[in-house]
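Notes for the structure review
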Amino acid sequence: MDNYEIVYAADDNFAPVLGTSLVSLFENNKDININVTIFDSGISKNNKNKIEEIFDKYHRNLPRWIVPVDLENKIGVKLDIARGSLAVYSRLFLKDFFDDDVDKVLYIDSDTIITSSIKKLWNINLGKQIIAATKDAFSKFYRGNIELKENDAMINAGVFLINLPEWKRQGVEQQFLEYICQKNGKVQLNDQGVLNHVLNNKIYFLNPSYNLLSLYYDYSYKEMEEYRKPVNFYSNSEIKNAKNNPIIIHYTSAFNTIRPWYQNSTHPLKKVWKDYYDKSPWKNVSLKVGKKKGIKRILFSIYNILPKQVSLRVASIFQVYIRPLLKSS
């Protein structure tokens, strides 16, 4: 039986969220061998113990803990992180941690719930493509910031399957480093922007059921088109079918959404996440109250005061035009 090599990356703040994702992975994939590698950006001993409790509960081999390379120190460039922490970059540099007999590695973000088997995903034939991933809904104005053509598809990096032999053969990690240095550490969308630039035209595009973003639940397809104005994207029927048959739900952040690890969550599928959280070692730890800060707080307030169509138009201007303009070279 194949060993499924799964990679996560997290810091201590996201440890309970990571643990919840692991519970869902093990609950719904009891018939496959899974090896988990966790890129650890400062997870506490207490939280590590709780994570390892999950592995014991499901009779799995304990995770391999890896402290990611200090990328800023390695390349001598300050990284401009728009969201999250430096942990997000660790998923780009993993080749040295896997032997040559490993053909595939599946990276999964911590803020996910795996609702069913990942066998079909794992068994996809990538051919010469370097990764498999789902498309993301970005307007044409984001492309220029990472040197893509207006109609090039862009991916979301929350879930991606790596063809490790091709990843190594084509030297993509060196290309990642060179691009980060070229941009002086200021890459639009951080590591996701790096992946989109370097691996353009080397990507197998997955069905959206493998990475269902919060966006698809917050808006109807028509509203999403108005809000994001996506280029080279999925059809309405593809998104609808994926929502009816989800495999991986990705609880992505948005200015108008409070994610399910907060008491006051507004996510339509918050109960799905909470059900797995309640099977985790943190089940007796009360969820915090989510609070928007800075510009997100202002936008959140405006969005909820104005009529929905007006709010959508205002949000669209920021998302489609202003955000990429702020990150232009």
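Residues numbered from 1 in each chain as written. Predicted model: local features only at pLDDT ≥ 70, side-chain atom pairs only at ≥ 80, totals over all residues. Heavy atoms only, no water.

1. Remarks on the sheet that holds strand 7 (residues 155-163)
Ordered by their spatial adjacency, seven strands build an open sheet running 3-2-1-4-7-6-8, and the pairing between neighbours is mixed. The open sheet has two free edges, formed respectively by strand 3 (64-66) and strand 8 (203-205), since each of these has just one partner strand. Between one strand axis and the next, the sheet turns through 30° on average, direction left out of account. Contacting strand 1 (3-11) and strand 2 (33-41), helix 1 (residues 15-27) crosses the sheet at an angle of about 160° to strand 1. (Pairing = 2+ DSSP bridges. Helix = DSSP H or I, 4+ residues; strand = E, 2+ residues; numbered from the N terminus. Axes fitted to C-alpha atoms, helices over the stretch in contact; angles between N-to-C directions. Contact = heavy atoms within 4.5 Å.)

2. A look at helix 11 (residues 270-277)
By the burial criterion, the buried members of helix 11 are Trp 273, Tyr 276 and Tyr 277. The buried residues of helix 11 occupy an angular sector of 105° when the element is viewed end-on, so they sit on one face. (Buried < 20%, exposed > 50% of the residue type's maximum accessible area, 1.4 Å probe, protein only. Arc of directions from axis to C-beta.)

3. Focus on the pattern of salt bridges
Here the structure, examined in full by the defined rule, presents 16 salt bridges. Across the salt bridge formed by Lys 30 and Glu 27, the nearest N and O atoms sit 3.8 Å from each other. A salt bridge links Glu 223 to Lys 308; its shortest N-O distance comes to 3.3 Å. Remark: Lys 308 occurs in helix 13 (residues 308-326) and Glu 223 occurs in helix 9 (residues 221-228); sequence separation between them is 85 residues. On the accessibility criterion, Glu 223 (15% relative accessible area) is buried. Judged by relative accessible area, which is 43%, Lys 308 ranks as partly exposed. Several salt bridges share partner residues, and in doing so they unite Arg 91, Asp 109 and Asp 191 into one network. (Salt bridge = Lys/Arg side-chain N within 4 Å of Asp/Glu carboxyl O.)

4. Section: the packing of aromatic side chains
Counted by the stated rule, this structure contains 15 aromatic pairs. Taken together, a centroid distance of 5.6 Å and an interplanar angle of 80° make the contact between Phe 14 and Trp 261 edge-to-face. Separated by 247 residues along the polypeptide, Phe 14 in the loop between strand 1 and helix 1 and Trp 261 in the loop between strand 10 (248-250) and helix 11 bring together distant segments of the chain. Using a relative accessible area of 10% as the deciding quantity, one classes Trp 261 as buried. Ring centres of Phe 141 and Tyr 321 lie 5.2 Å apart, and the angle between their planes is 50°; this geometry places the pair in the tilted category. Note that Phe 141 is positioned in the loop between strand 6 (131-135) and strand 7 and Tyr 321 in helix 13, a separation of 180 residues in sequence. Accessibility expressed as a relative area gives 38% for Tyr 321, which makes it partly exposed. (Phe/Tyr/Trp six-rings, centres within 6.5 Å; stacked < 30°, edge-to-face > 60°.)

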